[in-house]
Amino acid sequence: MHIHILGICGTFMGGVAQLAREAGHRVTGCDAHVYPPMSDALRHAGIELIEGYDVSQLESIHPDVFVIGNAISRGNPLLEAILNQGLPYASGPAWMSAHILQGRHVLAVAGTHGKTTTTSMLTWILKEAGLNPGFLIGGVPQWSDRSALLGTVSTMSPFVIEADEYDTAFFDKRSKFVHYRPRTAILNNLEYDHADIFENLAAIEKQFHHLVRIMPSDGTIVANGRCEALDRVLAKGCWSHLTRFDTPEGWSLSDDGIVAFEGQTIGQLALAMPGRYNALNAVAAMAAATTVGVTPQEALVALATFAGVKRRMEVKGVEGGVTVIDDFAHHPTAIAETIHAVKSRLLSGRLLAVLEPRSNTMKLGTMKDRLAEALKEADAVYCFAGKGVAWEPAEVLQVMGSQVYCTHDLDALIEKVGKDAQTGDVVLCMSNGAFGGIHGKLLSRLAQRSE
């Protein structure tokens, strides 16, 4: 089959492209901005890329089906031509379901926070257990140069997928995860997010209920035992085996890292990543791994060597005694937990939090009133507001007083942090985007001080 992907350089669609190519399909694609590292990965996989959405592509590209990314909307010239000419099209999740996931034991990881890390942990556990799982992760794990791989393809062989609740495509407003038809699903947590497509938390809960409704009766749901929103979802109906984590009645984790199941001790969790939330991600992954035959003891051994995920508490470098860390945190809850986790590891020095409110939810200002509370544990806060931010961070964060510095000028922010940072400090950069390459620029600025 020949597929042509619109929006191919997105994290998810790029993963679909690599899986399709590995499965033997011919894959071409286009995007508004074709740039590394995704463009390099796709070309290395033998995928032809076209920059832009010009209709002239149809003169040379004659695929069996156009696969439409959810970033593509009405008014896109190529999409309009596809619709006008009555050409066949499908969404990325629907195509994945039919051509990659069919017949496999799908383990889906859903939730507002921790999806990428938990998906990577679960994949690593299965990999270390010798199962050679397929996977599609919304980030690049430290232990692989690929975010997606077919693994062993056979009946009921495991495939681990990050299950996003964002909408599927311009023509399908259901959440992506309903297409994956998992036999095992982790429901990590549930809070309000994606304010650009969901009007309230109840709307997201409805989508999670749709996921629960399609789970087989001999499947397993691994759910956070301390999340009222998930309790409401499950109260609407649950037809699969249900196991909980972060509760004494199911999988529990003591303050000193002892994992137990229904009160019976399993062993000590040794995890390099800081933060109780990361440890609970690991416990959820352990619970899910048992559904494909991995013992909890095997999972603990694997997690002891888990190397993490790029852009999740990733140390980008150290200059002049200052450590620069990159993290994907962008929701107030994730921001607060990330700051707390890094702060708890500091033996000396200060934590300087550098934030870009870049997600659609944050740009709209839906959660701006929670931001000061989320940032309070940092010793100093630096906020950069780029294009599209519909509120003024300086006004929202003024309650923090001299602790905070806000600007619309990225160079000014880098200069300010570069001057303020002292030996022993940690600079934690948080954004769900590239943040203008701030990490490298900060390290360069810090290096100038020591010359």
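These numbers come from a predicted model, not from an experiment. (Residues numbered from 1 in each chain as written. Predicted model: local features only at pLDDT ≥ 70, side-chain atom pairs only at ≥ 80, totals over all residues. Heavy atoms only, no water.)

### Quick look at the overall build of the protein
So, step 1. When helices and strands are counted, the protein shows 15 helices and 23 strands.
So, step 2. The C-alpha atoms of the protein give 22 Å as radius of gyration, which agrees with the globular expectation for 451 residues (22 Å, within 12%).
So, step 3. Taking the principal axes of the C-alpha coordinates as reference, the protein spans close to 60 × 60 × 40 Å.
So, step 4. Taken over 451 residues, the protein has a buried fraction of 57%. (Helix = DSSP H or I, 4+ residues; strand = E, 2+ residues; numbered from the N terminus. Rg over C-alpha atoms; globule rule 2.2 N^0.38 Å. Buried < 20%, exposed > 50% of the residue type's maximum accessible area, 1.4 Å probe, protein only.)

### A look at the state of the cysteines
So, step 1. Inspection of the entire model under this criterion finds zero disulfides.
So, step 2. With no disulfide of its own, cysteine 227 lies closest to cysteine 238 among cysteine sulfurs, the gap being 14 Å.
So, step 3. Its sulfur unpaired, cysteine 429 is 12 Å from the next cysteine sulfur, which belongs to cysteine 383.
So, step 4. Since its relative accessible area comes to 0%, cysteine 429 is described here as buried. (Disulfide = S-S within 2.5 Å.)

### Concerning the sheet that holds strand E20 (residues 351-355)
So, step 1. Spatially, E18-E19-E23-E20-E21-E22 is the arrangement adopted by the six strands of the open sheet, whose pairing is mixed. On the outer flanks of this sheet lie strand E18 (314-319) and strand E22 (404-407), each paired with one strand and no other. For this sheet the average axis-to-axis angle between neighbouring strands, irrespective of direction, equals 15°.
So, step 2. Alignment of strand E19 (residues 322-327) against strand E23 (residues 426-430), held across five bridges, turns out to be parallel. In the sheet register, threonine 323 faces E23, and the bridge partner there is valine 426. (Pairing = 2+ DSSP bridges. Axes fitted to C-alpha atoms, helices over the stretch in contact; angles between N-to-C directions.)

### With respect to the environment of tryptophan 391
So, step 1. With respect to the helices and strands, the residue tryptophan 391 is situated in the loop between strand E21 (380-384) and helix H13 (393-396).
So, step 2. Using a relative accessible area of 9% as the deciding quantity, one classes tryptophan 391 as buried.
So, step 3. Counting along the chain gives 282 residues from tryptophan 391 to valine 109, while the straight-line C-alpha distance between them is 33 Å.
So, step 4. The contacts of tryptophan 391, once residues within four sequence positions are left out, are Pro357, Met362, Lys363, Leu364, Gly365, Lys368, Leu371 and Val396. (Contact = heavy atoms within 4.5 Å.)

### A look at the side chain of aspartate 167
So, step 1. Tracing the backbone through its elements, the reader meets aspartate 167 in strand E10 (residues 167-169).
So, step 2. Here aspartate 167 falls in the buried class, since its relative accessible area comes to 8%.
So, step 3. Setting aside anything within four residues of it in sequence, one finds aspartate 167 in contact with Asn70, Asp172, Lys173, Arg174, Ser175, Lys176 and Ile197.

### Here we look at unusual backbone geometry
So, step 1. One non-glycine residue, asparagine 132, lies in the positive phi region at around 50°.
So, step 2. Within the element layout of this structure, asparagine 132 appears in the loop between helix H5 (115-128) and strand E7 (134-136).
So, step 3. You can call asparagine 132 partly exposed: its relative accessible area is 39%.
So, step 4. Residue arginine 181 is not a glycine yet carries a positive backbone phi of 50°.
So, step 5. Inspection of the secondary structure puts arginine 181 in the loop between strand E11 (172-175) and strand E12 (184-187).

### With respect to helix H4 (residues 92-101)
So, step 1. Most of H4 is tucked away: seven of the 10 residues are buried.
So, step 2. Its side-chain oxygen at 3.1 Å from the backbone nitrogen of alanine 94, serine 91 defines the N-terminal cap of H4.
So, step 3. Two residues or fewer after H4 comes glycine 103, characterised by a positive phi angle close to 85°. (Polar contact = N/O pair within 3.5 Å; in protein donor to acceptor, adjacent residues only side chain to side chain.)

### Digging into the environment of alanine 378
So, step 1. Structurally, alanine 378 can be placed in the loop between helix H12 (371-375) and E21.
So, step 2. Under the relative-accessibility criterion, alanine 378 is labelled buried at 4%.
So, step 3. Sequence spacing of alanine 378 and alanine 272 is 106 residues, and the spatial spacing of their C-alpha atoms is 22 Å.
So, step 4. In contact with alanine 378, other than residues within four places in its own chain, are Ile339, Leu351, Ala353 and Gln403.

Nothing here speaks to function; it is all geometry.
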